[in-house]
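Remarks on the overall topology
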Amino acid sequence: MSHPNKNRFLFITAVALGILLNPLNSSMIAVALSRIQNQFSLSFTDASWLISTYYLASGIGQPVMGKLGDAFGLKKMYLLGLIMIAAASCAAPFSPSFGWLIGIRIIQAIGSSALFPAGMGIIRKSITENQAQALGVLSIFSSVSAALGPSIGGFLTHYWDWQAIFLVNFPFILAAFFLGLFILPKDKRDQSRKVTIDYVGILLFALSILSLLLFLLSWEIGVNWGELLVSLIFIFVFYKYESKQSHPFINVVALKENRNMSFVYVQFILVNVIFYSIFFGVPLYLQNVRHFDSKTTGLIMLSIAGFGIIVSPLAGRWIDKRGSKPALITGTSCMIAGSLLLLTIHGSSTAAWIFFSLSVLGLSNGFNNLGLQTALYSFVPPAETGAASGLFMTSRYIGTIFSSSLLGILFGKDFSTSHFHVMAVICVIIGILIMLLTLRMPQLQKQRQ
């Protein structure tokens, strides 16, 4: 296609339909996890690997697939990602064992990881008029699909079964593939540009996160200090190796020198530990302890999705006028208040009260995500925006992995209201820590368009 600026709607739609697949598939599993757990006779610790491995593969896959797109062509990588998702979505419902299902989910995660960097690269190269507006539309697609995932998954699981959360991908895949094939421009690569991929850094990062995850999951049966030692060794070796690389997978030197940027990443990790602990923990509690069906659970989870979507544009306007810090203080306050409200939920609490409690947490999500993203850009030079954005996304995945480990520790063998309340207390403590980090943040200038 030669004139993307004249066909913005179709062009942006072609990219957006692909980009929404990663957050959609990462969140739909929340409500279906209980059904999968029952079918394969798993503990939650075992089932949580469906969450952890997906985010681990996504966290590593996004920057890797982005560099491969630079090397071999963005359109090729975008279409290849869609083919991988289609193959995984077709195979997953017929998985003969849980191990097969995990492997297929990893393929799905890697395929969907190609879509965001390739799609964003295509947009930035092809659309020159009101580019920020186009990127904002893609961000909305991504956020809305993640927020609505549990509700969509709930309806699909209720009326069919967990297999439906994979089959529902095909309308999006087919539309994205054929639009992408005919609408997106052909690849034009700069042959003189050398693309380097830090394979050793990627491997050390994966081993660091995986060993740390194994240590956290060991808490269910007792703390394994040997696994902690192995994890710390991998982290140390990863840091020392990356600090000496000219093109590192993660620029650890920049993280050390720019502490405000580093604290934003830490804050975002902690925000996602709380959000995804609730995102995955609440459906499990409602289905396993309260015995709500998947449809009712999906409707209740709309409270987080709906209020987060409503607040996001309002938060954006506020941040434009006042900067990120006031919005972050408000969002963190809502997060602490919502976590405290979870302590009021017990065996006879009505669905309406649970909906209200989760709505407060939905408000916090709208403020925190946008507030931290704009805060990050205030601390990062414009030339480093791409790398900083990639690490910001990796921080989200790290927080999600920690949340699945926390849920494995709490719900590994037993589901009860008391365990649910322990989760809420931990979220309150983490929320207070986030507030302290927010208060120490320098007063930021209002964000410019």
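Just above sits the structure.
Residues numbered from 1 in each chain as written. Predicted model: local features only at pLDDT ≥ 70, side-chain atom pairs only at ≥ 80, totals over all residues. Heavy atoms only, no water.

Now for helix α14 (residues 294-322). Helix length check: α14 (29 residues) gives 41 Å between terminal C-alpha atoms against 42 Å at 1.5 Å per residue, within 8%. Where α14 begins, one side-chain oxygen reaches toward the backbone nitrogen of threonine 296, 2.7 Å away; that side chain belongs to aspartate 293. Remark: glycine 323 follows α14 within two positions and exhibits a positive phi of approximately 90 degrees. (Helix = DSSP H or I, 4+ residues; strand = E, 2+ residues; numbered from the N terminus. Expected span 1.5 Å × (residues − 1). Polar contact = N/O pair within 3.5 Å; in protein donor to acceptor, adjacent residues only side chain to side chain.)

Take serine 403: it is sitting in helix α17 (residues 385-411). Judged by relative accessible area, which is 0%, serine 403 ranks as buried. Beyond its immediate stretch of four places on either side in the chain, serine 403 contacts Asn272, Val273, Tyr276 and Ser277. (Buried < 20%, exposed > 50% of the residue type's maximum accessible area, 1.4 Å probe, protein only. Contact = heavy atoms within 4.5 Å.)

A rise of 1.5 Å per residue sets the reference length of helix α13 (residues 259-288), with its 30 residues, at 44 Å; its end C-alpha atoms lie 43 Å apart and thus fit the reference within 8%. The largest bend in α13 is about 25 degrees, located at glycine 281, with the proline proline 283 one to four residues further on. Among the 30 residues in α13, 25 count as buried, and that is most of the element. (Bend = angle between axes of the 7 residues up to and from the residue.)

At histidine 291, a residue that is not glycine, the phi angle is positive and equals roughly 60 degrees. If you trace the backbone, histidine 291 turns up in the loop between α13 and α14.

All right, on to the packing of α13 against helix α16 (residues 351-379) then. Helix packing for two helices is described by the angle between their axes and how far apart those axes are. Between α13 and α16, the shortest axis-to-axis distance is 10 Å and the interhelical angle comes to 160 degrees. In terms of their interaxial angle, α13 and α16 are classed as roughly antiparallel. For α13 against α16, the interelement crossing comes out left-handed. Between α13 and α16, the contacting residues are Asn260, Met261, Val264, Tyr265, Gln267, Phe268, Val271, Phe275, Ile278, Val282 and Leu286 on the first element and Ile354, Leu358, Leu361, Asn365, Asn368, Asn369, Leu372, Ala375, Leu376 and Phe379 on the second. (Axes fitted to C-alpha atoms, helices over the stretch in contact; angles between N-to-C directions. Parallel < 35°, antiparallel > 145°, perpendicular 65-115°, else oblique. Left-handed = near helix turned anticlockwise from the far one by under 90°.)

On to the packing of α13 against α14. It is at 10 Å that the axes of α13 and α14 come closest, and there the two elements cross at 150 degrees. The angle between α13 and α14 places the two elements in the roughly antiparallel class. Crossing geometry of α13 relative to α14 is assigned as right-handed. Residues Phe275, Ile278, Phe279, Val282, Pro283, Leu286 and Gln287 of α13 form the contact with α14, whose participating residues are Ser294, Thr297, Ile300, Met301 and Ile304. Here the residues of the contact of α13 with α14 are counted per class, giving nine nonpolar, three polar and no charged. (Nonpolar A, V, L, I, M, F, W, Y, C, P; charged D, E, K, R; others polar.)

A few words now on the nonpolar core. With 114 residues, the main nonpolar core has Leu101, Ile278, Phe280, Leu342, Leu358 and Met423 as its most contacted residues. The contacts of methionine 423, once residues within four sequence positions are left out, are Ser277, Ile278, Gly281, Leu342, Leu407, Leu410 and Phe411. Grouped together as the second largest cluster of nonpolar side chains are five residues, Ala315, Ile319, Ala327 and Phe367 included. (Core = buried A, V, L, I, M, F, W, Y, C linked by side-chain atoms within 4.5 Å.)

Residues Phe155, Tyr159, Trp160 and Leu299 make up a contiguous nonpolar surface patch of roughly 460 Å² in combined accessible area. Looking at the secondary structure, you find tyrosine 159 in helix α7 (residues 131-159). (Patch = residues over 30% accessible without salt bridge, like charges linked within 9 Å, V, L, I, M, F, W, Y side chains within 5 Å. Areas by Shrake-Rupley, 256 points an atom, 1.4 Å probe, with all protein chains shown as cover. Salt bridge = Lys/Arg side-chain N within 4 Å of Asp/Glu carboxyl O.)

Let us now look at the pattern of salt bridges. Taken as a whole, this structure holds one salt bridge when the rule is applied. Among the ionic pairs, arginine 35 bridges to aspartate 161, the shortest N-O distance being 3.2 Å. One end of the pair, arginine 35, is in helix α2 (residues 21-39); the other, aspartate 161, is in the loop between α7 and α8 (164-167), and 126 residues separate them in sequence. Using a relative accessible area of 23% as the deciding quantity, one classes aspartate 161 as partly exposed.

Mapped onto the secondary structure, glycine 399 falls in helix α17. Here glycine 399 falls in the buried class, since its relative accessible area comes to 0%. Sequence spacing of glycine 399 and tyrosine 276 is 123 residues, and the spatial spacing of their C-alpha atoms is 7.9 Å. Excluding residues that lie within four positions of it along the chain, glycine 399 makes contacts with Ile269, Asn272 and Val273.

Here we come to a positive patch on the surface. On the surface, Lys240, Lys244, Lys256 and Arg259 cluster together to form a positively charged patch. Within the secondary structure, lysine 256 is located in helix α12 (residues 252-257). Look at lysine 256 and you get exposed, because its relative accessible area is 59%. (Lys, Arg positive; Asp, Glu negative; His and termini not counted. Charge placed at Lys NZ, Arg CZ, Asp CG, Glu CD.)

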